[in-house]
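Take a look at the letters that make up each chain.
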Amino acid sequence: MLISRGKQRILMLLTYAVLIGFAVYCLFPFLWMLATSLKPDEEIRTVNPTFWISKPTWEHFDNVLHGSAFMTFFKNSVFVAVVTTAASLLISIFAGYALSRFVRFRGVKVFSIAMLLSQMIPGVLLLIPLYLLMKNMSLINTYMSLILAYTTFTVPLCTFMMKSFFDTIPYEMEESAEIDGCSRVGIIFRILMPVSLPSLVATSLFAFLNAWNEFMFGFVFINDEAHRTLTPGISLFKGLYQTDWGSMMASSVMSVLPVVLIFVFLQKFLVEGMTAGAVKG
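Residues numbered from 1 in each chain as written. Predicted model: local features only at pLDDT ≥ 70, side-chain atom pairs only at ≥ 80, totals over all residues. Heavy atoms only, no water.

Asker: Quick question: what am I supposed to make of helix α5 (residues 106-118) here?
Answerer: Residues spaced three or four apart along an α-helix point in a common direction, a consequence of the helix completing one turn every 3.6 residues. Over its 13 residues, α5 extends 19 Å from the first C-alpha to the last, a length consistent with the 18 Å expected when each residue adds 1.5 Å. For α5, every residue scored as buried is listed here: V108, S112 and M115. Buried residues of α5 fall within an arc of 65° about the axis and therefore sit on the same side. Projecting away from the buried face of α5 at angles above 90 degrees are the exposed residues R106, G107, V110 and I113. Structurally, α5 contributes buried residues whose contacts are with α4 (70-101) and α7 (143-167). (Helix = DSSP H or I, 4+ residues; strand = E, 2+ residues; numbered from the N terminus. Expected span 1.5 Å × (residues − 1). Buried < 20%, exposed > 50% of the residue type's maximum accessible area, 1.4 Å probe, protein only. Arc of directions from axis to C-beta. Contact = heavy atoms within 4.5 Å.)

See the structure below:
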């Protein structure tokens, strides 16, 4: 049954209205955070808060950049997130390849089930055991404690993401490379990696965001300011009797912007990678 042009326009308008409504709903927290960061203290603490800013100020941003250790926290988060992403990606590439190509071996299936079950355990249940382990290894107040913890919880899902993409690659490509004398490691890095760029980007973004946004382990494992990461650092603006909402919102805006920029520039690869990984599983 054909739909008239008038009905098509109405459906299109309704579709755009619904999409715009969802977009506003999703962007509302960020917009409110941005507006609060630009308000003076008297407007933030008013009884009837609004989006309107009568006297915009950069005082809170100046306080965050020059009156706190925000840049130290930011550099620490970048370092920890990048190292965690590299470690998780390297491990998940080999593990995902093994799960995809060596399905006939019984141990591979057991390993796959074990990784799946590990995702069902909340991280908070392992907080005390991990803290004691890090303490016995003298890793408290070090970057390595965070990198090990983040990598441990990130690798399983990254492995399944890479496995799903490797499942879509024909095995004939590897057989041709083996005939030419290419080793197994060479096949992974010379044949599979170039064609799996979207999946690599999607997996890297997942690992990076996990490490960037994590709060619990960063708050417990790190007690000194020199190694503290961004999310626990932002919580320091909340005192015992008073909260500096303006500075907290300003620091939150600056911590979100890098992630937003990454998604803007890598959105194409992210969508392709998530779509390719969803074909088989």
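Asker: I tried to follow a nonpolar patch on the surface on my own but got confused; where do I start?
Answerer: Together, M12, Y16, L19, I20 and V24 make up a nonpolar patch on the protein surface, roughly 530 Å² of accessible area in all. By secondary structure assignment, the location of V24 is in helix α1 (residues 5-37). (Patch = residues over 30% accessible without salt bridge, like charges linked within 9 Å, V, L, I, M, F, W, Y side chains within 5 Å. Areas by Shrake-Rupley, 256 points an atom, 1.4 Å probe, with all protein chains shown as cover. Salt bridge = Lys/Arg side-chain N within 4 Å of Asp/Glu carboxyl O.)

Asker: Teacher, can you tell me more about unusual backbone geometry here?
Answerer: A negative phi holds for most residues other than glycine; trans holds for most peptide bonds. Positive phi values are uncommon outside glycine, yet S138 reaches one of about 60°. With relative accessibility at 60%, the residue S138 sits in the exposed group. Of note, the phi angle at N141 is positive, near 65°, even though the residue is not glycine. Overall, N141 belongs to the partly exposed group, its relative accessible area being 24%.

Asker: What's the story with the environment of F166 in this structure? I'm lost.
Answerer: With respect to the element layout, F166 can be found in helix α7. Of the residues examined, F166 reaches a relative accessible area of 0% and is grouped as buried. On a C-alpha basis, the gap between F166 and Y97 in space is 6.5 Å, while along the polypeptide they are 69 residues apart.

Asker: How do you make sense of the side chain of S88 when you look at a structure like this?
Answerer: Positionally, S88 belongs in helix α4. Side-chain polar atoms of S88 contact the backbone oxygen of T84, separated by 2.8 Å. Setting aside its immediate chain neighbours within four residues, S88 contacts T151, T154, V155 and A207. (Polar contact = N/O pair within 3.5 Å; in protein donor to acceptor, adjacent residues only side chain to side chain.)

Asker: Sorry if this is basic, but what is going on with the packing of aromatic side chains here?
Answerer: One pair of aromatic rings is described through two measures. These are the centre distance and the angle between the planes. Taken as a whole and judged by the stated rule, the model has 15 aromatic pairs. Aromatic pair F215 and F219: ring centres 5.3 Å apart, planes at 20°, arrangement stacked. Assessed through its relative accessible area of 37%, F215 is described here as partly exposed. Through successive ring pairs, a cluster of aromatic residues spans F70, F74, F208 and W212. Just above the ring of W32 sits the side chain of K39; from NZ or CZ to the centre is 4.9 Å. (Phe/Tyr/Trp six-rings, centres within 6.5 Å; stacked < 30°, edge-to-face > 60°. Lys NZ or Arg CZ within 6 Å of the ring centre and 35° of its normal.)

Asker: What exactly am I supposed to notice about the environment of V264 here?
Answerer: Within the secondary structure layout, V264 lies in helix α13 (residues 245-277). According to the relative accessible area criterion, V264 is exposed, its value standing at 53%. Along the sequence, V264 and P156 sit 108 residues apart, while their C-alpha atoms lie 26 Å from each other.

Asker: Teacher, can you tell me more about the pattern of salt bridges here?
Answerer: Scanning all chains against the criterion turns up 1 salt bridge. The residue K163 makes a salt bridge to D167 at a minimum N-O spacing of 2.9 Å. Taken as a pair, K163 and D167 lie in helix α7 at a separation of 4 residues, close to a single helical turn. Take K163 and D167: they sit in the same class, and that class is buried.

Interpretation in functional terms is not warranted from these geometric data alone.
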